[in-house]
Amino acid sequence: MDAQRAQEISCSPVMANVTCDGRQVYIEHVDQQNGTATIHHLDNPNNKVSVSISNLIEH
């Protein structure tokens with residue numbers, strides 16, 4: 001995924017189908033300058049992690 005699309009998804013009120021390492025995630029914040037996104041897995045919303053935007057896949 002590219003940084004612009006990740007930003008669009010994070011700002012959208014509609015939940016997008018996005019995965020990271022095969023698990024569904026919610027994108028909380030995008031840092032386009034560093035190429036990272038703060039996400040949490042849908043099955044563990046309290047565990048926020050920072051990942052490379054390139055690891056995110058939209059389905």
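Here's what I pulled together on the structure shown here.

Calculation rules
- Residues numbered from 1 in each chain as written.
- Predicted model: local features only at pLDDT ≥ 70, side-chain atom pairs only at ≥ 80, totals over all residues.
- Heavy atoms only, no water.
- Helix = DSSP H or I, 4+ residues; strand = E, 2+ residues; numbered from the N terminus.
- Rg over C-alpha atoms; globule rule 2.2 N^0.38 Å.
- Buried < 20%, exposed > 50% of the residue type's maximum accessible area, 1.4 Å probe, protein only.
- Arc of directions from axis to C-beta.
- Contact = heavy atoms within 4.5 Å.
- Pairing = 2+ DSSP bridges.
- Axes fitted to C-alpha atoms, helices over the stretch in contact; angles between N-to-C directions.

This part takes up the overall build of the chain. Helix and strand counts for the chain come out as 1 helix and 5 strands. Its C-alpha atoms give the chain a radius of gyration of 10 Å, near enough to 10 Å, the size a compact globule of 59 residues would have. On the principal axes, the C-alpha backbone points of the chain span a range of 30 × 20 × 20 Å. Per-residue burial for the chain yields a buried fraction of 29% across its 59 residues.

This brings us to the environment of R23. As for its placement among the helices and strands, R23 is situated in strand β2 (residues 23-31). The spacing of R23 and L42 is 19 residues in sequence and 8.1 Å in space, taken between C-alpha atoms.

All buried positions along helix α1 (residues 3-11) are accounted for by A6, I9 and S10. Buried residues of α1 fall within an arc of 100° about the axis and therefore sit on the same side. Against β1 (18-20), β2 and β5 (56-58) lie the buried residues of α1.

The next thing to look at is the sheet that holds β5. With antiparallel pairing, the 5 strands of this open sheet are ordered in space as β4-β3-β2-β1-β5. Across the chains shown, the open sheet's two edge strands, defined by having one partner strand only, are β4 (44-52) and β5. Recorded for the sheet is a direction-independent mean angle of 45° between the axes of neighbouring strands. The pairing of β1 with β5 spans 3 bridges and is antiparallel. Looking at β5, one finds that T19 is bridged to I57.

Another aspect to go through is unusual backbone geometry. The phi dihedral of D21 is positive, around 55°, even though this residue is not glycine. In this structure, D21 sits in the loop between β1 and β2.

For the rest of this paragraph, the subject is the environment of N44. Checked against the element boundaries, N44 lands in strand β4. Its relative accessible area of 33% is what places N44 among the partly exposed residues. Placed 39 residues apart in sequence, N44 and R5 show a C-alpha to C-alpha distance of 23 Å.

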